[in-house]
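Chains, contacts and geometry: an overview
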Amino acid sequence: MPAVEELLSQLNPQQREAVTFGDGPLLIIAGAGSGKTRVLTYRIAYLLWRGVRAEHVLALTFTNKAAEEMRERLFGLVEPERARQLWMGTFHSIFARILRLEAPRLGYTPDYTIYDTEDSTGLLRTLLRQMGIGNHVLDPAAARHQISHLKNRMCSWQEFAASARTPRERILAELYRAYEEQLRANNAMDFDDLLLNTIRLFQAHPDVLARYQERFRYIFVDEYQDTNRAQYVALQLLAARYRNLCVVGDDAQSIYRWRGADIRNILDFQRDYPDATLIRLEQNYRSTQRILAAADALIRHNQQQIPKRLWTANPEGELIRLLICADERDEAAQVLHYIQRELDSGTPAGAIAVLYRTNAQSQPLEEALRRARIPYVLVGGISFYQRKEIKDALAYLRLLLNPADMVSWLRVINEPPRGIGAATLEQLRQAMHQHNLSFLEVLEHADTLLTGIRRSARENLQALAALIRRYREALHSSAVPLDLLVLEYLEATGLLALYRQDEQEQERYMNLERLIATLSEYVQSSPAPSLREYLQQVALMSESELVPDSADAVTLMTLHAAKGLEFSVVFITGLEQGLLPLARATESREELEEERRLLYVGMTRARERLYLSYAQHRWRWGESILCRPSDFLQELPPELLEPIPSPTAAPGVPFQSALRASATEGMEEDGLYPGARVRHPVFGVGTVEALSGSGENRRAVVRFPHVGRKLLLLRYARLQLLHR
DNA sequence: GACCTGCTGATTTTT
DNA sequence: TCAGCAGGTC
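Residues numbered from 1 in each chain as written. Chains lettered and ligands numbered in written order. Predicted model: local features only at pLDDT ≥ 70, side-chain atom pairs only at ≥ 80, totals over all residues. Heavy atoms only, no water.

1. Remarks on the overall build of chain A
Tallying secondary structure elements over chain A gives 30 helices and 24 strands in all. Buried positions account for 55% of the 724 residues belonging to chain A. On chain A, roughly 31500 Å² of surface is accessible, and the fraction owed to carbon and sulfur atoms is 50%. (Helix = DSSP H or I, 4+ residues; strand = E, 2+ residues; numbered from the N terminus. Buried < 20%, exposed > 50% of the residue type's maximum accessible area, 1.4 Å probe, protein only. Areas by Shrake-Rupley, 256 points an atom, 1.4 Å probe, with all protein chains shown as cover.)

2. Digging into the sheet that holds strand 13 (residues 376-378)
Spatial ordering of the open sheet is given by 13-14-12-15-16-11-19, a layout of seven strands whose pairing is parallel. Among the strands making up the open sheet, the edge pair consists of strand 13 and strand 19 (641-645). In this sheet, neighbouring strand axes are inclined to one another by 20 degrees on average, regardless of whether the strands run parallel or antiparallel. Strands strand 12 (352-356), strand 13 and strand 14 (554-558) of the sheet are contacted by helix 18 (residues 362-371), whose axis makes an angle of about 155 degrees with strand 13. (Pairing = 2+ DSSP bridges. Axes fitted to C-alpha atoms, helices over the stretch in contact; angles between N-to-C directions. Contact = heavy atoms within 4.5 Å.)

3. Side note on the packing of helix 19 (residues 388-401) against helix 28 (residues 531-540)
The angle between the axes and the distance between the axes are what describe a pair of packed helices. Relative to each other, helix 19 and helix 28 sit at 135 degrees, their axes nearing to 10 Å. What the angle tells us is that helix 19 and helix 28 run oblique. Our pair here, helix 19 against helix 28, has a crossing hand that is left-handed. Residues Leu394, Leu397, Arg398, Leu400 and Leu401 of helix 19 touch helix 28, and the partners they reach there are Leu531, Arg532, Leu535 and Val538. Residues belonging to the contact of helix 19 with helix 28 are distributed by class as follows: seven nonpolar, no polar and two charged. (Parallel < 35°, antiparallel > 145°, perpendicular 65-115°, else oblique. Left-handed = near helix turned anticlockwise from the far one by under 90°. Nonpolar A, V, L, I, M, F, W, Y, C, P; charged D, E, K, R; others polar.)

4. As for the confidence of the model for chain A
Across chain A, the average pLDDT comes to 86, with 89% of residues at or above 70. Long-range and interchain partners of residues 652-667, a stretch whose pLDDT sits below 50, account for 26 contacts in this model, where long-range means more than four residues apart. (pLDDT = per-residue confidence, 0-100.)

5. Some points on helix 12 (residues 206-215)
Residues separated by three or four positions in an α-helix point in the same direction, a consequence of the helix having 3.6 residues per turn. When we look at burial in helix 12, the residues that qualify are Val208, Leu209, Tyr212 and Gln213. Mapping the buried residues of helix 12 onto a view down its axis gives an arc of 135 degrees, with all of them on the same face. Contacts made by the buried residues of helix 12 are with helix 6 (91-102), helix 11 (191-204) and helix 13 (229-239). (Arc of directions from axis to C-beta.)

6. Comments concerning the nonpolar core
What tends to happen in soluble globular proteins is that the nonpolar side chains get buried as a cluster. Among the nonpolar cores identified, the biggest contains 55 residues, and Trp409, Ile413, Leu443, Leu461, Tyr489, Leu531 and Tyr534 are the most heavily contacted of them. Not counting residues up to four positions away in its chain, the partners in contact with tyrosine 489 are Tyr396, Leu397, Leu400, Leu467, Ile468 and Tyr471. In this structure, Leu27, Ile29, Ile94 and Ile114 belong to the second largest nonpolar core, which totals 47 residues. (Core = buried A, V, L, I, M, F, W, Y, C linked by side-chain atoms within 4.5 Å.)

7. Observations concerning the environment of isoleucine 263
Along the chain, isoleucine 263 turns up in the loop between strand 7 (245-249) and helix 14 (264-267). Its relative accessible area of 11% is what places isoleucine 263 among the buried residues. Taking C-alpha positions, isoleucine 263 is 5.4 Å from glutamine 225, a pair spaced 38 residues apart along the chain. Sequence-distant contacts of isoleucine 263, defined by excluding residues within four places in its chain, comprise Gln225, Asp251, Ser254, Gln304 and Arg597.

8. Some remarks on the pattern of salt bridges
Scanning the entire structure with this criterion turns up 56 salt bridges. In this structure, the salt-bridge partner of glutamate 318 is arginine 609, at a minimum N-O distance of 3.0 Å. Here glutamate 318, found in the loop between strand 10 (311-312) and strand 11 (320-325), pairs with arginine 609, found in strand 16 (residues 606-615); they are 291 residues apart in sequence, far enough to count as distant. What emerges from the salt-bridge pattern is a single network uniting Asp116, Glu118, Asp119, Lys388, Lys391, Asp392, Arg398, Asp405, Arg411 and Glu415. (Salt bridge = Lys/Arg side-chain N within 4 Å of Asp/Glu carboxyl O.)

9. Comments concerning unusual backbone geometry
Omega for the bond connecting glutamate 415 with proline 416 falls within 30 degrees of zero, at 0 degrees, which places this linkage in the cis form. Mapped onto the elements, proline 416 comes out in the loop between helix 20 (406-412) and helix 21 (422-435). The amide bond that connects leucine 580 to the next residue, proline 581, takes the cis arrangement and shows omega of 10 degrees. Summarising the element assignment, proline 581 is placed in the loop between strand 15 (567-572) and helix 29 (589-603). At methionine 154, a residue that is not glycine, the phi angle is positive and equals roughly 65 degrees. Note on placement: methionine 154 falls in the loop between helix 8 (140-152) and helix 9 (157-163). Backbone geometry at arginine 243 places phi at a positive 55 degrees, although glycine is not the residue there. By the secondary structure assignment, arginine 243 is in the loop between helix 13 and strand 7.

10. Side note on a nonpolar patch on the surface
A surface patch of nonpolar side chains, about 230 Å² in accessible area, is lined by Val480, Leu484 and Leu487. Counting through the fold element by element, leucine 484 comes out in helix 25 (residues 482-493). (Patch = residues over 30% accessible without salt bridge, like charges linked within 9 Å, V, L, I, M, F, W, Y side chains within 5 Å.)

11. Regarding the environment of glutamate 68
Looking at the element boundaries, glutamate 68 is found in helix 4 (residues 64-75). Along the chain, glutamate 68 and glutamate 79 lie 11 residues apart, while their C-alpha atoms are 16 Å from each other.

12. So, the sheet that holds strand 6 (residues 218-221)
Each strand in a sheet pairs with its neighbour through backbone hydrogen bonds, running either in the same direction (parallel) or in the opposite one (antiparallel). An order of 3-2-6-7-1-8 is seen for the six strands of this open sheet, with the pairing classed as parallel. Looking at strand neighbours, the two that pair on one side only are strand 3 (87-90) and strand 8 (277-281), the edges of this open sheet. Across the sheet, the axes of successive neighbouring strands diverge by a mean angle of 15 degrees, strand direction being ignored. In this structure, strand 6 lies alongside strand 7, joined through three bridges in parallel fashion. Counted as the bridge partner of valine 221 is valine 247 from strand 7. Docked against the sheet, helix 4 engages strand 2 (57-61) and strand 3, running at close to 150 degrees with respect to strand 3.

13. Some details on the packing of helix 25 against helix 27 (residues 506-525)
Interaxial distance between helix 25 and helix 27 falls to 8 Å at its minimum, and their mutual angle equals 155 degrees. If you check the angle between helix 25 and helix 27, you find them roughly antiparallel. The crossing of helix 25 and helix 27 is right-handed. Contacts from Leu482, Asp483, Val486, Leu487 and Leu490 in helix 25 reach Ile516, Leu519, Ser520, Val523 and Gln524 in helix 27. For the contact of helix 25 with helix 27, a count of residues per class yields seven nonpolar, two polar and one charged.

Below, the structure is given as structure tokens:
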């Protein structure tokens, strides 16, 4: 193990101060690339050297991957045995772990199921149907988002019901109530419950809280700017006794407001802890001077921020290249061209990333890379664990642990087909309530309880129930390794056979094989493998964790997914008004500032070279629309940019005029563009989202704050263009 | 109850 | 453009 002095000598004065800081609340404002992870790891190692016991340390990170990385680094600093004892992970996974241990106190079993977004939405859809409310009245996905938002802000259904005024709010309140009731009946929690139930546990059981306060005497929180209200409250509770709360973050990198993150948590830390010490890490070790200067110039346009001055001793570096492209295919071609050049000059593929605002933008880029046979990894998109066949298999597995989970039952009851439709399900539901039986019990007694359905269906249901029972027992008693047992079980459900036989479904079949393979990997790498732990890991896995660390592949991902990472060469694509910033974000200052922070995060990922690009046209909803360069481009100092029009882009014009010219070139006389603010005589002020057609058929999709999205024929709707 | 077809809405970002 | 869903038919 390295000597303490040696490690401290590698740090700058501010970093050293943070690492060696004594007890009490500590706020570290860590600018992009300022060695945040290093400081966190060293500080934990420093505490351990000072004699703090590993089990007294809790480190909360934003992704499980970040936690793994930190643990890896710690292995080099302290004895692996001690590093392993640390509790390190996301809020969600750490709290899920606490809840497993304490579940009975809350009326749950330790085998409770964790519902992901899709599960929750599905449950809400079922409930709405039962309430006799159509999807057009209240969209299940929108309702899920709103309920999640309420839960993040710790607003219970009772509180919400009391304040509900409009009919829509009253329906939502009733849905919220039914949803909570059903979650409990299903022995299930959604993502938000993992936080809320932990808080409830602590508040209702002071003895339990005291136990965890004693245990976690030193608490670290990474990416503190992206914590929400519930996380904030949980931290207040946990840290109340020892007050050794060390939070690290950068308000300039807060990009999860839409998910309930509350930037006030970091802005108000010193108000919450008046005796808190503030340390600023302002030296950037990552980027060139030019990249940093451009990023800094951009972020200065935000009003809401903690004052700081990032600087670097790194070389000046090259100009930021701005690729002006004709459309998204041309953009992909240009990006490909420069990737090729990077590779030719010796940059490893793994040091290159292409970033974009929305997942949909990855397609043309993927195609270009595929054709050029350049290896790439795609982060996010439709995740492996979201695929239908995988979710079905996981639902079968969840039922082994938690047969109360109705969402999983409904997923698998007719997959493979067992002759069960809506009518049979309704009978099942009635039998459950009438005889006060569990779903599994009703299935087992299908022959006497479900007389109204076909005999074959009844037999199928009883066979399914027997299967679940048998493997439930096998799971607890069997000496067969978990992965083999699961393989046998999935075979017995008929799910594997369903896809194996069908030529068209080979991909699904292979995905299921891959699932078993990941389970085998888990079984072999874990000291005490359990289905419970495996399912939890899968449920709380973030997108970025699925991607194998590949040194020789270009990374494609959203700007959000890039948080916390760094690359030698970064491309940020689609810098167009309406895309970055997104059209709907231009309506409020807060949202616009978050879009700006998002671009800031992207730019500061780059070590040596940064490429920005925009397209003059882009396909959207099956039509090519005209795009205007992002306003953010004008916020970057022109002397740091080198505009490069592609050969197929509209005629080359100098950059500054390019920004303005391309806004009008080829454009209809109305001067509208996606992202433009317009006034409608009836609907009021709105934002243009898309344009199509010309002349008589010129149409615009406009989003109005209260009315929603409208398709307007401009011949009739006399829109007035508002200038900012 | 299964299958087919036509329609609609999606493109925000994710633990 | 396309996937997923609702509604209708067999």
